[in-house]
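Summary of the model geometry
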Amino acid sequence: MKWIDYASPNSIKEAVALLSNKNTVARAMAGGTDLIVQLRAAPERIGNPDVVVDIKNIPELNEINLDSKGLTLGSAVPMYKIYNNESITASYPALQDSTSLVGGIQIQGRASVGGNLCNSAPSGDTIPTLIALNATCKVDGPNGSRDLKVEDFCTGPGKSVLENGEILISIHIPAPSKGSGSSYLRFIPRNEMDIAVVGVGTSISLDGDIVKSVKVALASVGPTPILVSDAEKIIGKSIEDEDTLKIAGEAAKNAATPITDMRGTIEFRKHLCDVLTRRTLKIATERARGN
Amino acid sequence: MTKGSNSTNGYKVIGTRPIRHDGYDKVTGKALYGADFSISGLLFGKILRSPHAHAKILSIDTSAVENMDGVKAIVTSQDLPQTNWTKEKDAIMAKTKVLYKGHPIAGVAAINHHIAEEALKLINVEYEILPAILTAPEGLDPSSPLIDETKKNNISNHVKHELGNIKKGFEKSDVIVERTFDTATVHQGYIEPHNATVDWNSSVQDEKVNIWVSTQSSFDIRGRTAEILHLDPSKIKTTPMEIGGGFGAKFDPYACPVAALLSKKTGKPVKIVHTRKEEFESTGPTPGSNIKIKIGATKEGKILAAEATLAYEDGAFPGGVVSAGALCAFATYDIENVLINGYDVLVNKPSTSAYRAPGATNSNVGTETVIDEIAEKLEMDPIEFRLINASKEGVRRADGPKHPSIGVIEVLNAMKKHPHYNEPLPEATDINRGVAIGFWMNGAGPSSINLSVHPDGRINLIEGSTDIGGSRASIAMMVAEVLGIKAEDVTPSVVDTDKIGYTSGTGGSSVTYKAGVAGHIAATNLKKSLIERAASIWGVSPKTVSMENGILFSTKDKSLSISLKNLAKDLNDTGGPIISNGATNPSGAAPSISGHIIDVKVDKETGKIDIVKCTIFQDVGKAIHPDYVEGQMQGGTVQGIGWALNEEYFYNNDSYEMANPTFLDYRMPLALDLPMINTEIIEVPNPAHPFGVRGVGEASITSPPAAIANAIYRITGIRVNQLPIKPSLLMESIKK
Ligand SMILES: Cc1cc2nc3c(=O)[nH]c(=O)nc-3n(C[C@H](O)[C@H](O)[C@H](O)COP(=O)(O)OP(=O)(O)OC[C@H]3O[C@@H](n4cnc5c(N)ncnc54)[C@H](O)[C@@H]3O)c2cc1C
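What follows covers the nonpolar core. Residues and elements named next belong to chain B. Formed by 99 residues in total, the largest nonpolar core has its most connected members in Phe 330, Val 600 and Ile 708. The dominant element in this core, judged by the number of residues it contributes, is helix H20 (residues 704–716), at 7 residues. Not counting chain neighbours up to four residues away, the residues in contact with Val 600 comprise Asp 430, Ile 431, Asn 432, Ile 609, Asp 610, Ile 611, Val 612, Ile 708, Ala 711, Ile 712 and Ile 715. Core analysis: the second largest hydrophobic core is formed by 43 residues, Val 13, Met 477, Leu 526 and Leu 567 among them.

What follows is the structure, encoded as structure tokens:
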């Protein structure tokens, strides 16, 4: 039997020190809704940790700050604090979509967006939304801090750019431009407690009916969340045009590189990328107009 | 059915809804389940299981574990009695060959389960991997490997039922529909995993093996463990703990003999609790199947011929459920010419066990969707078409017996006139309605009940049926009815196998039937003794004494009357304690019929299916406690919905390992996937029960898949030929 130590530092510095100690294998823990499951089911897949570093007591990691530049979200902030905050959900409806469908109410009380990102599951439900909303993240570690785009964060299933000892401090989402809207939809065969067969996060900004900018990102159809760059082909076109939606749907379908498994086949998943992209664009458009 | 409405038909207790006796303990967490059980000196056991679906065991090397810190004992098949080796023993721990992934090979007892788990990793087993098969059609293929090499093929059981002349029946038919279906292996999915704590007291004079276990049948656990371990049944005492669901899968002893052997070796009690993965990979499932149904009818809507060919997975060992599937296939219809062939086929999966109307749901989805298709071809209302062909009392079933009293017509009529059937569908083209009916014959078996009188006048009720569905309450209610007292004034408990006469298991929807008969006998006997006691106190003839509403009185002399309460106080001084019992093996269980009306919504762009509205109708004979009857109807319906929509043992290509042995990916329906399941209790009394009871636990699971498939057809034009009806499959068909 393996004993696991538990540490609960109060500062980033302490946490980094614990996480970069060469004599132990340490893992950061925010809500623990991934980590504890992994520790019990397959500790070898996360390097057989012998120290769990609870990061919830670090003030910077609990920050929620919404101002004219946008939203800064500490990496350990639990989901319920996001979807219950009306200023956040008004500006970033896709973030409300995502955070309110992760797990169930108990999970949402603990699970964080930071943990969702660091866990880097291809199916992570908040990641496409963060990518669609142009989010960046701030990382600190033994070699100092750095900022990077969320779309560059995940490198493979369960893998990220985080180096040994590094921790995610916060996520920043720029303020939404006027006439913009966003949406996240996932497909699961049930209505709760399931892993996305496909997830699509979309943001759009419009000038009348004309698409000024668009960003579409996909979950569960590749080793990492996928940014659909070709969705930008609809910029300059009318969103009222069925063809416009078709082009975006087709782009999503082509960007997806899914596998066949118990959750769905390649064909079905590609098909869903198309359907959900069109649906999220419609919802995001409605929201943009409501703004 | 609106809450609180029930037909009491002159009864005082039966048909009412008192709070169940075991309710408080359960909702406050005081009830003790198998995993809660603890005893001083307890060791923890774990079982090593085969990683291969089919392999020869070349060697088992436990040397690395023998001296491991904290490990107290290791057992393998060598520790089971070696003479008269049986398949039952092989199922407990494999000797020469493993037959499925998850097949037990060895057991370890340690001071905690972490060490036991670590120890399993150090046991070295050498295998020679053999080709494996997973489905019944594969098993039937003559080129497939043999699971049991002493046999000529993988068919472990063939049943054939014939009525009339099938060929002529089809020749005379104006419409014939023939369809083939594949259904996936599914699991009972009860919340509480299998567990056993065993303490083997080896003292020479008083050898006793004590088992505390979650089971549907403490006497089966005793009997089968005794057989496997070559012990006299009296040497084993099985104490059934509260049970967190079973649905048919909690009869096998699984971990009991392993824990027993570990306890014998260590002299300490040993507890084994399965993980969910072990549950999926090594217990329970109900078979996947291949179903061929062919039905022919006249233009006027009379079915002339019906043929079924059923191939069911048996799992690794014989004991499958095709016989029941064959029996139920056409049982709701009066058909002159029938041919049913059923095959249980050995495959490299865990040995299948019962699951709520075992085998009936598989054949039902075939029959009831083909019936729907014929009704459509004849342009007849699907309920009307069923009514024309409905079976009734006295009609011979294809498997031989004539139907006793049976409520097919009553259920169909209730469906036909119900608002749910007659209300218009929403305008949307993505919602439509399907119907289906189902059958389960129900079982009986031996049952024992002991009653005694508490000094405060309450009645103590002792029974041997482990209580899954509220049977303590319903048996107490039947006893209370006979005695004219309140249900709350009967205190029921389920006891161990040393404290009550033989009682067969809680399965086949048998308990309220058989224990009801036994309870009725016991209560009638008790009433007689109470009357005799009062008569003897008064010095009058017992014939002149009656008992009503808990009062004993002389029918001749108004001044002579005493309450049961007051009589009870002085029993010891008026002749001694009063007890009674009822022990019986009643025949006369009668079938239950279910019917479902289900409104379904299909997202035609994604294939996602939602259940929008659902009403179940069931002929229950007599609902003793309507809440628990409705609970059974709803529970079975939900399991039928799960079977229809998403539940399956999923195997990746070329893999023999179940890919989804967790509740995350084995997708049972959750609260948000279900509408309110409306219930309509229909009471066609069973004349062979003092209160008219039929078993109610099972029929409800059989008909939802067909009703859902029939609704999906009306939405999409697609006749489903596979369960589960996964969105990906449905979408593929929609696109075609
Ligand atoms: C029942 C259940 C249902 C679920 N449903 C969903 C769902 O619908 N959708 C979904 O996407 N996920 C779901 N999940 C997974 C999980 O809840 C989410 O991924 C959640 O966002 C993880 O957040 P957490 O705070 O609990 O992370 P933790 O478990 O604390 O951490 C996750 C991983 O990230 C690392 N980590 C966490 N924070 C940091 C940090 N600041 N710096 C560096 N590394 C860090 C940890 O070491 C660990 O490897 C579910 C989980 C459960 C148990």
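Structure's up, so let's keep going.
Time to look at the pattern of salt bridges. All names here are of chain B. Counted according to the given criterion, the structure contains 58 salt bridges over all chains. Of the charged contacts in the structure, one is a salt bridge between Glu 423 and Arg 433, with a shortest N-O distance of 3.9 Å. Of this pair, Glu 423 sits in the loop between helix H14 (419–422) and strand E16 (431–440) while Arg 433 sits in strand E16; the two residues are 10 residues apart in sequence, bridging distant segments of the chain. A relative accessible area of 29% places Glu 423 in the partly exposed class.

Next up on the list: the environment of Ile 243 of chain B. All names here are of chain B. Note on placement: Ile 243 falls in the loop between strand E11 (236–240) and helix H8 (255–266). Looking at Ile 243, the relative accessible area reads 7%, which means it is buried. Between the C-alpha atom of Ile 243 and that of Leu 32, which follows or precedes it by 211 residues, the distance is 8.8 Å. In this structure, Ile 243 is in contact with Tyr 33, Glu 192, Ser 214, Thr 215, Gln 216, Lys 250, Asp 467 and Ile 468, ignoring residues within four places of it in sequence.

This part covers the environment of Gly 208 of chain A. Residue and element names in this part refer to chain A. Turning to its location among the elements, Gly 208 is positioned in the loop between strand E12 (198–207) and strand E13 (210–219). Looking at Gly 208, the relative accessible area reads 51%, which means it is exposed. A C-alpha to C-alpha distance of 8.8 Å links Gly 208 and Arg 289, two positions 81 residues apart in sequence.

Moving on: the sheet that holds strand E2 (residues 26–29) of chain A. All names here are of chain A. On the basis of which strands lie adjacent, the open sheet formed by 3 strands has the order E1-E3-E2 and parallel pairing. Two strands in the sheet have a free side with no partner beyond their single neighbour: strand E1 (5–7) and E2. Direction aside, the axes of adjacent strands within the sheet are offset by 25° on average. In this sheet, strand E3 (residues 51–54) lies alongside E2 in parallel orientation, the contact comprising 4 bridges. Residue pairing for E3: Met 29 is matched across the bridge by Asp 54. Each of E1, E2 and E3 touches helix H1 (residues 12–20); the most contacted strand, E2, lies at about 145° to it.

Another point: empty space enclosed by the protein. Residue and element names in this part refer to chain B. The final tally for this structure, using the stated rule, is 8 cavities of 30 Å³ or more. Of the voids in this model, the largest cavity is the one considered here, and its volume is about 110 Å³. For the largest cavity, the lining is made up of 17 residues, of which Phe 330, Ala 331, Tyr 333, Arg 397 and Ala 398 are closest to its centre. Taken together, the elements giving at least two residues each to the lining of the largest cavity come down to strand E7 (155–163), helix H10 (322–328) and strand E15 (337–346). Taken together, the residues of the lining of the largest cavity sort by class into 11 nonpolar, 3 polar and 3 charged.

In this section: helix H18 (residues 626–645) of chain B. An ideal rise of 1.5 Å per residue puts 28 Å on 20 residues; H18 of chain B measures up with 28 Å between its terminal C-alpha atoms. Counting buried positions over the 20 residues of H18 of chain B gives 14, a clear majority of the element.

Here we take up the site of the ligand. Residues and elements named next belong to chain A. Taken together, 32 residues surround the ligand, and among them Ala 28, Thr 33, Asp 34, Ser 112 and Asp 125 come closest. The side chain of Arg 27 places a nitrogen or oxygen atom 2.6 Å from an oxygen atom of the ligand. Between the ligand and Ser 112 there is a distance of 2.6 Å, counted from an oxygen atom to a side-chain nitrogen or oxygen. About the coverage of the ligand: the protein hides 88% of its 980 Å² of free accessible area. Contributions of two or more residues to the shell around the ligand are made by E2, helix H7 (113–119) and strand E10 (167–174). Of all the elements, H7 adds the most residues to the shell around the ligand, at 4 residues.

Here the focus is the domain arrangement of chain B. For an interface, size is often stated in terms of accessible area lost upon the parts coming together. Residues and elements named next belong to chain B. According to the domain assignment, chain B consists of domain 1 (23–31 + 444–584), domain 2 (34–130 + 193–243 + 250–282) and domain 3 (285–442 + 590–735). Taking only C-alpha atoms, the centre of domain 2 and the centre of domain 3 are 37 Å apart. With 16 residues of domain 2 in contact, the opposing surface of domain 3 contributes 16 residues. The contact between domain 2 and domain 3 buries some 1,400 Å² in all, and 71% of this surface belongs to carbon and sulfur atoms. At the junction of domain 2 with domain 3, the criterion picks out 0 salt bridges.

On to the sheet that holds strand E21 (residues 551–554) of chain B. Residue and element names in this part refer to chain B. Taking strand neighbours across the sheet as the criterion, the 3 strands line up as E20-E21-E22 in an open arrangement whose pairing is antiparallel. The open sheet has two free edges, formed respectively by strand E20 (545–548) and strand E22 (561–563), since each of these has just one partner strand. Neighbouring strand axes in the sheet, compared pairwise and without regard to direction, differ in orientation by 20° on average. Relative to E20, helix H16 (residues 511–538) is tilted by about 130°, and along the sheet it contacts E20, E21 and E22.

Let us now look at the packing of helix H10 (residues 266–290) of chain A against helix H21 (residues 727–735) of chain B. Two elements in contact, H10 of chain A and H21 of chain B, have axes separated by 10 Å at closest approach and are oriented at 75°. On the basis of their axis angle, the class for H10 of chain A and H21 of chain B is roughly perpendicular. Residues Glu 267, Phe 268 and His 271 of chain A of H10 of chain A lie in contact with H21 of chain B, whose contacting residues are Pro 727, Ser 728, Met 731, Glu 732 and Lys 735 of chain B. A breakdown of the residues in the contact of H10 of chain A with H21 of chain B according to their chemical character gives 3 nonpolar, 2 polar and 3 charged.

All names here are of chain B. Omega for the peptide link from Leu 723 to Pro 724 comes to -5°, which places this bond in the cis form. Considering the arrangement of structural elements, one finds Pro 724 in the loop between strand E27 (722–723) and H21. Despite not being glycine, Asn 549 shows a phi value in the positive range, around 50°. Counting through the fold element by element, Asn 549 comes out in the loop between E20 and E21. Residue classification places Asn 549 among the partly exposed residues on the basis of a relative accessible area of 47%.

Per the stated rule, a full pass over the model turns up 0 disulfides over all chains. Unpaired in terms of disulfides, Cys 137 of chain A finds its nearest cysteine sulfur in Cys 118 of chain A, a separation of 7.9 Å.

What counts, and at which threshold
- Residues numbered from 1 in each chain as written.
- Chains lettered and ligands numbered in written order.
- Predicted model: local features only at pLDDT ≥ 70, side-chain atom pairs only at ≥ 80, totals over all residues.
- Heavy atoms only, no water.
- Core = buried A, V, L, I, M, F, W, Y, C linked by side-chain atoms within 4.5 Å.
- Buried < 20%, exposed > 50% of the residue type's maximum accessible area, 1.4 Å probe, protein only.
- Helix = DSSP H or I, 4+ residues; strand = E, 2+ residues; numbered from the N terminus.
- Contact = heavy atoms within 4.5 Å.
- Salt bridge = Lys/Arg side-chain N within 4 Å of Asp/Glu carboxyl O.
- Pairing = 2+ DSSP bridges.
- Axes fitted to C-alpha atoms, helices over the stretch in contact; angles between N-to-C directions.
- 1 Å grid on protein atoms, 1.4 Å probe; cavity = no way out; pocket = protein on both sides within 12 Å on 5 of 7 lines; lining within 4 Å.
- Points joined across faces, edges and corners; volume = space filled by probe spheres on them.
- Nonpolar A, V, L, I, M, F, W, Y, C, P; charged D, E, K, R; others polar.
- Expected span 1.5 Å × (residues − 1).
- Near = heavy atom within 4 Å.
- Polar contact = N/O pair within 3.5 Å; in protein donor to acceptor, adjacent residues only side chain to side chain.
- Areas by Shrake-Rupley, 256 points an atom, 1.4 Å probe, with all protein chains shown as cover.
- Domains from an automatic or database assignment.
- Buried area = accessible area lost by both parts, 1.4 Å probe.
- Parallel < 35°, antiparallel > 145°, perpendicular 65-115°, else oblique.
- Disulfide = S-S within 2.5 Å.

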